[in-house]
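Results of the structural survey
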Amino acid sequence: MATDFPAEIKALRTTMDTVRGVTDLDTLRAQITDLEQQSGAPDLWDDPEHAQQVTSKLSRANAELERVETMDQRIDDLEVLVEMAQEENDADTLAEAEKELTDLHKAVGELEVRTLLAGEYDQREAVVTIRAGAGGVDAADFAEMLMRMYLRWAERHGYPTKVMDTSYAEEAGLKSATFEVNVPYAYGNLSVEAGTHRLVRISPFDNQGRRQTSFAAVEVVPLIEQTDSIEIPDNELKIDVFRSSGPGGQSVNTTDSAVRMTHIPTGTVVSMQNEKSQIQNRAAALRVMQSRLLLIRQQQEAAEKKELAGDIKASWGDQMRSYVLHPYQMVKDLRTEHEVGKTDAVFDGDIDDFMEAGIRWKRNQEKANAEG
């Protein structure tokens, strides 16, 4: 069946109308003008921290504006390309237009999802913690598989990451790991990955070749910023130091540089051992602790407003995604019903479709709760 280009292009433009409405380009342009004036101030770098904030905000705002304007231009160019192909009855040009239409649908869809990330902390960078759950050595191995999956996802997009802490299990895999994804909107995208993940497979650690089910928990919090008012009194923190170690008990260094920080009122625990000194690990632990407490505060405020108990993860159920490698291969999100059969691709970081479905699902849930 021949592609109905006018209808397809009209649909793309309708979606872009929505994107522009949410993005508010006039406000964005005014923000860019203001930030450009600030960045041109002769005394800007007298305060390097403030200067970095200004230049980062300007870069993000320009990128946001360019993203929308470029998409509009691509749709206009596609319309011209289709007219040329049809006038000259050029099959090659028409095939080129078909490909560009497919690419545009994907790009506009991603941009539309980006506009759904309008939560208070969605624009933030993210801190991700993965913990092995029930399932023994298989769960520890699964935790390491998930960590690789997210790091590969970030690598695919060119997003910088920083591993902050890794606690290795005795036989294989990880007890837990914490890493940052240092790019705007990392929290908005990754927040839908929070919850309990379930793996079903023939265990490589079972000499009888039996099928095993194991679990791992993923926690995602927004990275703390200097403007956040999260002050933690010293008497609410318990600090323990210990020696960093790697896989198999190998010593990373010979000093007690690793730090375990406990927030006594909430019982929140953060461990850091990947920095070179105790001072650096302590600073990193405090930043992650503040990030977690910031999210806890947000969840408490949301719960009070909606008169709901618990945090958002509890509403998703204990198991949010299943990875089945035997007797068949399938990864399925239990909230959105999105599923794929290419498990190797998923574990290699191909999870954008899961995130997009999760973001749409989450916003629909929030809308339903607000209307209810």
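Basis of the calculations
Residues numbered from 1 in each chain as written. Predicted model: local features only at pLDDT ≥ 70, side-chain atom pairs only at ≥ 80, totals over all residues. Heavy atoms only, no water. Pairing = 2+ DSSP bridges. Helix = DSSP H or I, 4+ residues; strand = E, 2+ residues; numbered from the N terminus. Axes fitted to C-alpha atoms, helices over the stretch in contact; angles between N-to-C directions. Buried < 20%, exposed > 50% of the residue type's maximum accessible area, 1.4 Å probe, protein only. Contact = heavy atoms within 4.5 Å. Salt bridge = Lys/Arg side-chain N within 4 Å of Asp/Glu carboxyl O. Left-handed = near helix turned anticlockwise from the far one by under 90°. Nonpolar A, V, L, I, M, F, W, Y, C, P; charged D, E, K, R; others polar. Core = buried A, V, L, I, M, F, W, Y, C linked by side-chain atoms within 4.5 Å. Phe/Tyr/Trp six-rings, centres within 6.5 Å; stacked < 30°, edge-to-face > 60°.

With that settled, the discussion passes to the sheet that holds strand β6 (residues 237-242). Ordered by their spatial adjacency, three strands build an open sheet running β6-β7-β8, and the pairing between neighbours is antiparallel. A strand with exactly one partner marks an edge of an open sheet, and here the two such strands are β6 and β8 (268-272). Strand-to-strand twist in this sheet, taken as the mean axis angle between neighbours without regard to direction, amounts to 15°. The pairing of β6 with strand β7 (residues 258-263) spans six bridges and is antiparallel. Residue pairing in the sheet places Phe 242 in a bridge with Ala 258 of β7.

Looking now at the pairing of strand β3 (residues 174-181). Of all eight residues in β3, seven are buried; the element is thus mostly enclosed. Two strands pair when backbone bridges link them, and strand β1 (residues 126-132) and β3 are joined in this way by six bridges, in the antiparallel orientation. Within β3, the position partnered with Val 128 by the bridge is Phe 179. Relative to β3, strand β2 (residues 161-168) runs antiparallel, the two sharing seven bridges. In the strand pairing of β3, Lys 162 is matched with Glu 180. In textbook terms, the turn of a hairpin is the stretch between consecutive antiparallel strands, and for β2 and β3 this stretch comprises five residues, one of which, Gly 173, has a positive phi near 80°.

It is worth spelling out the sheet that holds strand β5 (residues 211-222) at this point. Spatial strand order, β2-β3-β1-β5-β4-β9-β10-β11: eight strands in an open sheet with mixed pairing. Strands with a single pairing partner mark the edges of an open sheet, and in this sheet they are β2 and β11 (339-340). Here helix α5 (residues 136-157) sits on the sheet and contacts β1, β2, β3, β4 (195-202), β5 and β9 (319-324); the angle it forms with β5, its principal contact strand, is near 45°. Its contacts with the sheet place helix α10 (residues 352-371) against β9, β10 (330-333) and β11, and it is angled at close to 20° to β10.

Let us now look at the pattern of salt bridges. In a structure, side chains of opposite charge can pair up when their charged atoms sit close to one another. Going through the model one piece at a time under the given rule, you end up with 30 salt bridges. When the shortest N-O distance is used, the salt bridge between Arg 201 and Asp 141 registers 2.8 Å. In this pair, Arg 201 sits in strand β4 while Asp 141 sits in helix α5, placing the two residues 60 residues apart along the sequence. Residue Arg 201 is classed as buried on the basis of its relative accessible area of 8%. A salt bridge links Glu 337 to Lys 332; the nearest nitrogen and oxygen atoms lie 3.2 Å apart. Residue classification places Lys 332 among the partly exposed residues on the basis of a relative accessible area of 22%. Three or more residues joined by partner-sharing salt bridges are found here, namely Arg 148, Arg 152, Glu 155, Arg 156 and Asp 348.

Now for the packing of helix α2 (residues 25-39) against helix α3 (residues 48-88). Two elements in contact, α2 and α3, have axes separated by 9 Å at closest approach and are oriented at 145°. In this structure, the crossing between α2 and α3 has a hand that is left-handed. Taking contact as the criterion, the partners of Leu 25, Leu 28, Arg 29, Ile 32, Leu 35, Glu 36, Gln 38 and Ser 39 in α2 are, on α3, His 50, Val 54, Lys 57, Leu 58, Ala 61, Asn 62, Glu 64, Leu 65, Val 68 and Glu 69. A class-by-class count of the residues in the contact of α2 with α3 yields nine nonpolar, four polar and five charged.

Let us look at the side chain of Glu 64. Tracing the chain through its elements places Glu 64 in helix α3. Among residues more than four places away in sequence, those in contact with Glu 64 are Thr 23, Leu 28, Arg 114 and Tyr 185.

What follows concerns the nonpolar core. Membership of the largest hydrophobic core comes to 52 residues, with the highest contact counts inside it found for Ile 130, Leu 146, Met 149, Tyr 150, Leu 190, Val 220 and Tyr 323. Here this core gets nine residues from one element, more than from any other, and that element is α5. Apart from the residues lying within four places of it in its own chain, the contact partners of Leu 146 are Ile 130, His 197, Ala 216, Val 218 and Tyr 323. Among the nonpolar cores identified, the runner-up in size contains 27 residues, and Leu 25, Leu 28, Leu 78 and Val 108 belong to it.

On inspection of all chains with the given rule, the structure shows three aromatic pairs. Taking 5.5 Å as the distance between ring centres and 70° as the angle between the ring planes, the aromatic pair formed by Phe 142 and Tyr 323 counts as edge-to-face. Linking Phe 142 in helix α5 with Tyr 323 in strand β9, this pair joins segments that are 181 residues apart in sequence. Both residues of the pair, Phe 142 and Tyr 323, belong to the buried class. Where Trp 153 meets Tyr 159, the ring centres are 5.4 Å apart and the plane angle is 70°; that geometry is what we call edge-to-face. Using a relative accessible area of 2% as the deciding quantity, one classes Trp 153 as buried. Using a relative accessible area of 26% as the deciding quantity, one classes Tyr 159 as partly exposed. Ring pairs connect the aromatic residues Phe 142, Tyr 323 and Phe 347, which therefore count as one cluster.

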